[in-house]
Amino acid sequence: MVTIKDVAREADVAISTVSNVFNNADIVSEETKQRVLAAVEKLHYIPNMNAKLLKSNRKNTIGVFLTSLQGDFYRVLTQAIHLQCKLNNYLLNIYVSNDNSPDEIYRMIIASGVAGAIIYHEDLTGDYVKRIATVNIPMVFIDRDSKGKNVSGVLSDDKLGASMAVDHLIKLGHKRIGYMHGNESGDDSHRYQGYVEMMQKNGLSIDEDIILRGYYEESLAYSEMRSMLSSGVELPDAMFCANDEMAWGVIQALQDVGIKVPEDVSVIGYDDSLLSKYYSIPLTTVHSPITEMGNASATELFRLLNDEGDKSGTVTKLSPKMVYRSSCGKHKEK
């Protein structure tokens with residue numbers, strides 16, 4: 001079994017230096033770090049005290065590393081991945097990182113003993129990805145345009161989806177269109193970019209008073225919308241929300257002050273969650289291909305695991321589509 005001593009000898013550095021590289025300490029120069037990583041790759045070293053055990057357990061287990069399990073997105077995604085694992089005779093372990101740092105996530109992945117990892121964690125970038133790939137753990141990132149040796153990405157075109165949503169509202173005659181942000185994340189950023197570009201393309205101004213943030217939660221979106229409504233700000237024609245839960249929070253806030261949806265304000269969501277068609281006002285939304293992302297990410301991971309030759313990663317971009325229901329209507333002059 002290869003040990004940390006072997007890595008240190010191969011890289012011609014002290015054992016403490018190898019440890020500092022694994023711990024991402026700032027005291028190691030970039031040249032030394034690259035020499036250590038090259039030694040790790042050459043020797044196929046797994047930086048864990050239980051390396052022998054991990055190697056034996058890694059043969060048929062996939063790890064999914066998520067920031068949360070709350071909401072339909074994660075349920076649908078993990079179900080799709082789980083089905084592909086069953087079809088390919090792999091076990092599935094799910095790890096929830098919550099507010100862990102990138103270094104802690106890196107350690108979690110290395111220590112998990114999985115054969116490959118499907119990762120939905122935006123902060124795990126750069127050196128961490130390279131270090132995981134170096135110890136021969138293939139990775140597929142959800143919702144990230146990323147590829148390299150043993151690294152692939154699967155994502156939905158959120159910018160396109162948002163453009164389609166805003167275009168629909170504009171074609172209904174709406175001009176004063178607000179946006180409800182989710183978390184400060186890549187998917188929200190892309191959706192907001194699609195919103196902004198479609199507004200600008202049609203010569204429509206964006207009023208910051210109706211740009212709100214609900215952090216992807218129904219209750220927070222409700223509170224934000226109620227605060228806006230009580231502030232005296234001119235009512236928007238429509239609200240585009242970065243997910244369905246927030247859209248429903250917005251609808252409830254409007255209804256609670258006597259504003260009708262869609263007669264007075266149209267509301268559109270994103271994701272096409274399970275409940276979106278069962279709301280008392282069925283929600284017009286953008287269908288995000290979550291099941292397809294789960295299927296594609298697992299299929300790509302198995303390719304990286306089983307292809308003895310080509311370990312080059314790929315990027316798969318999936319297209320969303322509009323789902324038309326009752327929460328949007330034609331604009332009426334107020």
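See the structure shown above.
Residues numbered from 1 in each chain as written. Predicted model: local features only at pLDDT ≥ 70, side-chain atom pairs only at ≥ 80, totals over all residues. Heavy atoms only, no water.

Enquirer: Report on the environment of Ser185, specifying residues and quantitative values.
Expert: Relative to the helices and strands, Ser185 resides in the loop between β6 (177–181) and α9 (186–201). Separated by 155 residues in the primary sequence, Ser185 and Glu30 have C-alpha atoms spaced 29 Å apart. With sequence-adjacent residues up to four places away left out, Ser185 is seen in contact with Glu122 and Tyr216. Side chain to side chain, Ser185 and Asp187 meet in a polar contact 2.5 Å long. (Helix = DSSP H or I, 4+ residues; strand = E, 2+ residues; numbered from the N terminus. Contact = heavy atoms within 4.5 Å. Polar contact = N/O pair within 3.5 Å; in protein donor to acceptor, adjacent residues only side chain to side chain.)

Enquirer: A description of the pairing of strand β3 (residues 116–119) should follow, citing residues and the corresponding values.
Expert: Here is the key point about a regular strand: its side chains alternate between the two faces of the sheet. Residue alternation in β3 divides its side chains into two sets, Gly116 and Ile118 and Ala117 and Ile119, and both sets are buried. Bridge count between β3 and strand β4 (residues 139–142): three bridges; the pairing is parallel. Residue pairing across strands places Ile119 opposite Phe141, the latter belonging to β4. What joins β3 to β4 is helix α7 (residues 126–134), and the crossover it makes is right-handed. (Buried < 20%, exposed > 50% of the residue type's maximum accessible area, 1.4 Å probe, protein only. Pairing = 2+ DSSP bridges. Right-handed = clockwise from strand over helix to strand, strands pointing away.)

Enquirer: Kindly report on the nonpolar core, identifying the contributing residues and their values.
Expert: Formed by 46 residues in total, the largest nonpolar core has its most connected members in Tyr195, Met225, Phe240, Leu254 and Val267. Where this core is concerned, the elements lending two or more residues are α8 (158–171), β6, α9, β7 (211–213), α10 (218–230), β8 (238–241), α11 (244–256) and β9 (266–268). Filtering out sequence-adjacent residues up to four positions away, Met225 remains in contact with Leu212, Met239, Val250, Ala253 and Leu254. By size, the runner-up hydrophobic cluster in this structure holds 32 residues, among which are Val7, Ile119, Ile132 and Met139. (Core = buried A, V, L, I, M, F, W, Y, C linked by side-chain atoms within 4.5 Å.)

Enquirer: Can you explain the pattern of salt bridges? Please cite residues and give values.
Expert: A full pass over the atoms with the stated rule returns 12 salt bridges. For Asp103, the salt bridge identified is with Arg107, shortest N-O distance 3.0 Å. In this pair, Asp103 and Arg107 both sit in helix α6 (residues 102–112), four residues apart, roughly one turn of the helix. Across the salt bridge formed by Asp188 and Arg213, the nearest N and O atoms sit 3.9 Å from each other. (Salt bridge = Lys/Arg side-chain N within 4 Å of Asp/Glu carboxyl O.)

Enquirer: Just give me the short version of α8, but keep the residues and values in it.
Expert: Given a rise of 1.5 Å per residue, 14 residues ought to cover 20 Å, and the 20 Å separating the end C-alpha atoms of α8 matches this to within 8%. Where α8 is concerned, the buried positions are Asp158, Gly161, Ala162, Ser163, Ala165, Val166, His168, Leu169 and Ile170. Note on α8: the residue one or two positions beyond its end, Gly173, has a positive phi of about 100°. (Expected span 1.5 Å × (residues − 1).)

Enquirer: Provide a residue-level description of unusual backbone geometry, including the pertinent values.
Expert: The peptide bond linking Val261 to Pro262 adopts the cis configuration, its omega dihedral lying at 5°. Among the structural elements, Pro262 can be located in the loop between α11 and β9. In this model, Tyr216 sits at a positive phi of 65°, which is unusual for a non-glycine residue. Tracing the backbone shows Tyr216 in the loop between β7 and α10.

Enquirer: Could you give me a rundown of the environment of Asn150, with the residues and numbers involved?
Expert: Position of Asn150 among the secondary structure elements: in the loop between β4 and β5 (151–156). According to the relative accessible area criterion, Asn150 is buried, its value standing at 2%. Linking Asn150 and Lys311, residues 161 residues apart in sequence, is a C-alpha distance of 5.3 Å.

Enquirer: Could you give me a rundown of a nonpolar patch on the surface, with the residues and numbers involved?
Expert: Taken together, Leu274, Leu275 and Tyr278 make up a surface patch of nonpolar side chains, about 350 Å² in accessible area. Secondary-structure assignment places Tyr278 in the loop between β9 and β10 (285–287). (Patch = residues over 30% accessible without salt bridge, like charges linked within 9 Å, V, L, I, M, F, W, Y side chains within 5 Å. Areas by Shrake-Rupley, 256 points an atom, 1.4 Å probe, with all protein chains shown as cover.)

Enquirer: An account of the pairing of strand β1 (residues 61–66) is needed here, citing residue identities and associated values.
Expert: Most of β1 is tucked away: six of the six residues are buried. By the bridge criterion, six bridges tie β1 to strand β2 (residues 91–96) in an arrangement that is parallel. Its bridge partner being in β2, Gly63 is matched across the sheet by Asn93. For the handedness criterion, the β-α-β arrangement of β1, helix α5 (residues 72–87) and β2 is classed as right-handed. Bridging between β1 and β3 involves four bridges; their strand directions are parallel. Bridge pairing in β3 links Val64 to Ile118.

Enquirer: Which residues make up the packing of aromatic side chains, and what values go with them?
Expert: Taken as a whole and assessed by the stated rule, the structure comprises 12 aromatic pairs. Look at Phe240 and Tyr270: their rings are 6.5 Å apart centre to centre, the planes differ by 50°, and that puts the pair in the tilted class. Of this pair, Phe240 sits in strand β8 while Tyr270 is found in the loop between β9 and β10, placing the two residues 30 residues apart along the sequence. Like Tyr270, Phe240 is buried. (Phe/Tyr/Trp six-rings, centres within 6.5 Å; stacked < 30°, edge-to-face > 60°.)

Enquirer: Go over helix α1 (residues 4–11), please, and point to the residues and values.
Expert: Taken residue by residue, α1 has Val7, Ala8 and Ala11 as its buried positions. In an axial view of α1, the angular spread of the buried residues amounts to 100°, which keeps them on one side of the axis. Looking at α1, the residues exposed on the side facing more than 90 degrees away from the buried face are Lys5 and Arg9. Within two residues after α1, Asp12 carries a phi angle of roughly 60°, on the positive side. (Arc of directions from axis to C-beta.)

Enquirer: Can you lay out the sheet that holds β5 for me, pointing to particular residues and giving the numbers?
Expert: In space, the six strands of this open sheet follow the order β2-β1-β3-β4-β5-β11, with parallel pairing throughout. Of all the strands in the sheet, the pair left with one neighbour each is β2 and β11 (315–318). The average undirected angle you get between the axes of adjacent strands in this sheet is 15°. Strands in contact with α7 are β4 and β5; relative to β4, the strand with the most contacts, it is inclined by about 145°. The sheet strands contacting helix α12 (residues 290–306) are β1, β3, β4, β5 and β11, and the helix crosses β5 at an angle near 170°. (Axes fitted to C-alpha atoms, helices over the stretch in contact; angles between N-to-C directions.)

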